[in-house]
Amino acid sequence: VQLQASGGGSVQAGESLRLSCVVSGSIYSPDSMGWYRQAPGKQRELVATLTHSGRANYADSPKGRFTISGDTAKNTVYLQMNSLVPEDTAVYYCNAIYDDIIDGARPFWGQGTQVTVSS
């Protein structure tokens, strides 16, 4: 399973970005997909997740500013980020989880895409 993330970049505070992540290499769709981020010197943290059934979950920080959505037919998940602030600066990682009846939840990670927000 491979995850390819794209859409990062450098923006000014208040602007928007849209991240995309495509999952390939499996005939099955992930049971859930999500976005995590890691700022310099900090641990990786949850941003948002989306289950295959369409239920979204957000961390407190981006709630109300970020929207996660998906296209199950394309095995793609998006993260629309509005009203960006410098604290959103981080490497954003795409995540996909496959629930295996024997092995349990198997996570896969993308390579990360840099988001830089300047004030």
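Definitions and cut-offs
Residues numbered from 1 in each chain as written. Predicted model: local features only at pLDDT ≥ 70, side-chain atom pairs only at ≥ 80, totals over all residues. Heavy atoms only, no water. Pairing = 2+ DSSP bridges. Helix = DSSP H or I, 4+ residues; strand = E, 2+ residues; numbered from the N terminus. Axes fitted to C-alpha atoms, helices over the stretch in contact; angles between N-to-C directions. Buried < 20%, exposed > 50% of the residue type's maximum accessible area, 1.4 Å probe, protein only. Polar contact = N/O pair within 3.5 Å; in protein donor to acceptor, adjacent residues only side chain to side chain. Salt bridge = Lys/Arg side-chain N within 4 Å of Asp/Glu carboxyl O. Contact = heavy atoms within 4.5 Å.

(A) A look at the sheet that holds strand E1 (residues 2-6). Pairing within the open sheet is antiparallel, and its four strands lie in the order E1-E3-E8-E7. A strand with exactly one partner marks an edge of an open sheet, and here the two such strands are E1 and strand E7 (66-71). Here the strands of the sheet are splayed against their neighbours by 15° on average, with no regard to which way each runs. Bridging between strand E3 (residues 17-24) and strand E8 (residues 76-81) involves six bridges; their strand directions are antiparallel.

(B) Representation of the environment of Tyr-92 in the model. For Tyr-92, the position within the fold is in strand E9 (residues 90-100). Using a relative accessible area of 0% as the deciding quantity, one classes Tyr-92 as buried. Each C-alpha atom of the pair Tyr-92 and Asp-103 lies 27 Å from the other, and the pair is eleven residues apart in sequence. A polar atom in the side chain of Tyr-92 sits 2.9 Å from the side chain of Arg-37. There is a polar contact of 2.6 Å between the side chain of Tyr-92 and the backbone oxygen of Asp-88.

(C) The pairing of strand E10 (residues 104-109), seen in detail. Relative to E10, E9 is paired through six bridges, and the arrangement is antiparallel. Among the inter-strand pairings, Ala-96 is bridged to a residue of E10, identified as Phe-108. Here E9 hands over to E10 after three residues, the two strands then running antiparallel side by side.

(D) Inspection of the pattern of salt bridges at higher detail. Counted according to the given criterion, the structure contains four salt bridges. Put simply, Glu-45 and Arg-37 hold a salt bridge, and the shortest N to O gap is 2.7 Å. Residue Glu-45 is classed as partly exposed on the basis of its relative accessible area of 38%. Across the pair Asp-60 and Lys-63 runs a salt bridge, and its minimum N-O distance is 3.6 Å. One network of salt bridges, in which partners are shared, links Arg-37, Glu-45, Arg-65 and Asp-88.

(E) Fine view of the pairing of E9. Here strand E4 (residues 32-38) pairs with E9 via seven bridges, running antiparallel. Across the sheet, the residue bridging to Trp-35 is Cys-94, located in E9. Relative to strand E11 (residues 113-118), E9 runs antiparallel, the two being bridged by three bridges. Bridge pairing in E11 places Ala-90 opposite Val-115.

(F) Structural context of the environment of Gly-14. Residue position: Gly-14 is located in the loop between strand E2 (9-12) and E3. In this structure the C-alpha to C-alpha distance between Gly-14 and Phe-108, which are 94 residues apart in sequence, comes to 31 Å. If we skip the residues at most four places from it in the chain, Gly-14 touches Ser-83 and Leu-84.

By themselves, these are just geometric observations and shouldn't be taken as functional.
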